[in-house]
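Read off the chains here:
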Amino acid sequence: LQQKQDLSFQIQKFEENIDKTRKGDHDLALISQSTKVQCHLRPNSGKGCVELVLRSTNNTVIKATIITAEFLFGSNESSMVYSADPTDTIIATFAPEKDVSTDLHIQALVGYKMSSYYHVFELDYKLPKFSMYVPVKDFQKEPESSVQFRVNERVNRVAMWLNNSFNIGHKIDRQNSLDARFVSLRNGLLLALHMSPDNGGQLTIRVNNMEVAGEIIQDLCSFLTLNELESVADFPQEFEDFKKVLMKVDEYNAVRLKLTAEMADSSQLVKALVIKAEDARILNDMKLMKKMYSSLYDVNRELIGEYIKRANNHNELLSALKEVNAMIQKAARLRIGAAKTRVITECRNSIKSNNIHSLFKIIRLGHLN
């Protein structure tokens, strides 16, 4: 009922506005029916963010805008931009912490400069997943890490994905190949994509970040509706860091076993001291009983210290194992379908058998054979 009343009120106002327009009455609250609000996205390299630019037509101004979106404003779901001296343009800035595609619901207050009434224009805009990457012509030095895979698709299909996810207008050259380079506004990360028609479509992603490469592959395969994908990965720096993590895991495990053995010996000593102290009490040998309880106190204090060491070592071991699991997940995200599942399974089997060589081979190639 309430919605029906609201719609009836709006229709009544529209009819009144039409009558005023036909009679030639000029009301500052009325704007032309052809008034539009246009929006586009542009990068701001100086501030390390992207700007959503809203512009109105027919000499109108934009007083304020409210943008509602998920995953964009942290714990808040919306953001408001207000202009004390409104013009036909208003700019909203944001810097997503992660590469995420989200739908923006925009509400803009539009009216004339001297008007105290504003019309609400509602727009929807899809924020590209990799909006924080700015296209550049060339790098001084190419990223040393890369992942290569074969995509059985035409180059122009990949270019369509590129234009959709990076918010650019990439043109395909006559050689039917694709070259694109980007710099991240977030951290200056370099990203290069190259595709050639060789082997049905060979695509190479160069970026010194395994997680970013995985995000790109997952988004590309989703756009192209690919269910299976094999890849060959080469991330020298991350592989070297991963070796250090595996060495830490071995060290923490060795320390854990050593501390466990020492605590077992101390536990046996505690039992022996308790028995001796109780025997001394029964024999009414107070001097020996005090000596046993004094020794028991010292051993107990040592046990508490050993427990603290063991607890700290356990926390460090869990932290290192989380890094190992994160590396396996990043390696898996470089593949799609059965290849992704196989990488996770074979990596865990290699860790269980302590076969480090096989582990790195699986991460690189996606399989052992």
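Please refer to the structure higher up on the page.
Residues numbered from 1 in each chain as written. Predicted model: local features only at pLDDT ≥ 70, side-chain atom pairs only at ≥ 80, totals over all residues. Heavy atoms only, no water.

A.B. asks: Before we go on, may I ask you to explain the packing of helix α4 (residues 236–282) against helix α7 (residues 356–365) in this structure?
C.D. replies: To characterise two packed helices, one gives the angle between the axes of the helices and the distance between these axes. Two numbers describe how α4 lies on α7: the axes approach to 12 Å, and their chain directions differ by 145 degrees. When the axes of α4 and α7 are compared, the crossing they make is right-handed. On α7, the residues touching Phe-239, Phe-242, Lys-243 and Leu-246 of α4 are Ile-356, Leu-359, Phe-360, Ile-363 and Arg-364. Looking at the contact of α4 with α7 residue by residue, the class counts come to seven nonpolar, no polar and two charged. (Axes fitted to C-alpha atoms, helices over the stretch in contact; angles between N-to-C directions. Helix = DSSP H or I, 4+ residues; strand = E, 2+ residues; numbered from the N terminus. Left-handed = near helix turned anticlockwise from the far one by under 90°. Contact = heavy atoms within 4.5 Å. Nonpolar A, V, L, I, M, F, W, Y, C, P; charged D, E, K, R; others polar.)

A.B. asks: Help me out: how do you make sense of the sheet that holds strand β13 (residues 231–234) in this one?
C.D. replies: Each strand in a sheet pairs with its neighbour through backbone hydrogen bonds, running either in the same direction (parallel) or in the opposite one (antiparallel). The strand order β8-β10-β11-β12-β9-β13 describes an open sheet built from six strands, whose pairing is antiparallel. The open sheet has two edge strands, β8 (133–136) and β13, and neither has a second partner. Here the average twist between neighbouring strands, direction ignored, is 20 degrees. Here β8 runs beside strand β10 (residues 178–184); their pairing, made up of four bridges, is antiparallel. By the bridge assignment for β10, Val-136 is matched with Arg-181. (Pairing = 2+ DSSP bridges.)

A.B. asks: I keep staring at a nonpolar patch on the surface and nothing clicks. Help me out?
C.D. replies: Taken together, the side chains of Ile-66, Met-80 and Tyr-82 make up a nonpolar region of the molecular surface, amounting to roughly 320 Å² of accessible area. Within the secondary structure, Ile-66 is located in strand β3 (residues 61–73). (Patch = residues over 30% accessible without salt bridge, like charges linked within 9 Å, V, L, I, M, F, W, Y side chains within 5 Å. Areas by Shrake-Rupley, 256 points an atom, 1.4 Å probe, with all protein chains shown as cover. Salt bridge = Lys/Arg side-chain N within 4 Å of Asp/Glu carboxyl O.)

A.B. asks: Honestly, the packing of aromatic side chains in this entry has me stumped. Any pointers?
C.D. replies: Considering all chains together, one arrives at eight aromatic pairs under this definition. Ring plane angle 85 degrees and centroid distance 5.7 Å describe the contact between Trp-161 and Phe-166, whose orientation is recorded as edge-to-face. The exposure class assigned to Trp-161 is buried, which follows from its relative accessible area of 0%. Put simply, the rings of Phe-130, Tyr-133, Trp-161, Phe-166 and Phe-182 pair up and form one aromatic cluster. The side chain of Lys-129 reaches across the aromatic face of Phe-130, ending 5.9 Å from its centre. (Phe/Tyr/Trp six-rings, centres within 6.5 Å; stacked < 30°, edge-to-face > 60°. Buried < 20%, exposed > 50% of the residue type's maximum accessible area, 1.4 Å probe, protein only. Lys NZ or Arg CZ within 6 Å of the ring centre and 35° of its normal.)

A.B. asks: Looking at this structure, how should I read the environment of Arg-364?
C.D. replies: Counting through the fold element by element, Arg-364 comes out in helix α7. Each C-alpha atom, one on Arg-364 and one on Lys-276, is 61 Å from the other, the two residues being 88 residues apart in sequence. Not counting residues up to four positions away in its chain, the partners in contact with Arg-364 are Ser-231, Val-232, Ala-233, Phe-239 and Arg-335.

A.B. asks: Would you take a moment to explain unusual backbone geometry for this structure?
C.D. replies: Leave glycine aside and you will find that most residues have negative phi; peptide bonds, for their part, are mostly trans. Look at Asn-59: it is not a glycine, yet its phi comes out positive at around 60 degrees. Mapped onto the elements of the fold, Asn-59 is located in the loop between β2 (49–56) and β3. Even without glycine at this site, Phe-71 takes up a positive phi of about 65 degrees. Counting through the fold element by element, Phe-71 comes out in strand β3. Overall, the relative accessible area of 61% leaves Phe-71 in the exposed class.

A.B. asks: Is there a simple way to think about the layout of surface pockets in this case?
C.D. replies: Counted as a void, the second largest pocket has a volume near 270 Å³. The leading source of residues in the lining of the second largest pocket is helix α3 (residues 210–224), at three residues. Split into classes, the residues belonging to the lining of the second largest pocket amount to three nonpolar, three polar and seven charged. (1 Å grid on protein atoms, 1.4 Å probe; cavity = no way out; pocket = protein on both sides within 12 Å on 5 of 7 lines; lining within 4 Å. Points joined across faces, edges and corners; volume = space filled by probe spheres on them.)

A.B. asks: Teacher, can you tell me more about α3 here?
C.D. replies: Each α-helix turn comprises 3.6 residues. Residues three or four places apart therefore point the same way. For α3, which comprises 15 residues, the first-to-last C-alpha distance of 21 Å matches the rise-based estimate of 21 Å (1.5 Å per residue) to within 8%. Taking burial as the measure, the 15 residues of α3 include 11 buried ones, the bulk of the element. The backbone nitrogen of Glu-211 has a side-chain oxygen 3.0 Å away, supplied by the residue at the start of α3, namely Asn-209. Of the residues trailing α3, Thr-225 is marked for its positive phi of about 55 degrees. (Expected span 1.5 Å × (residues − 1). Polar contact = N/O pair within 3.5 Å; in protein donor to acceptor, adjacent residues only side chain to side chain.)

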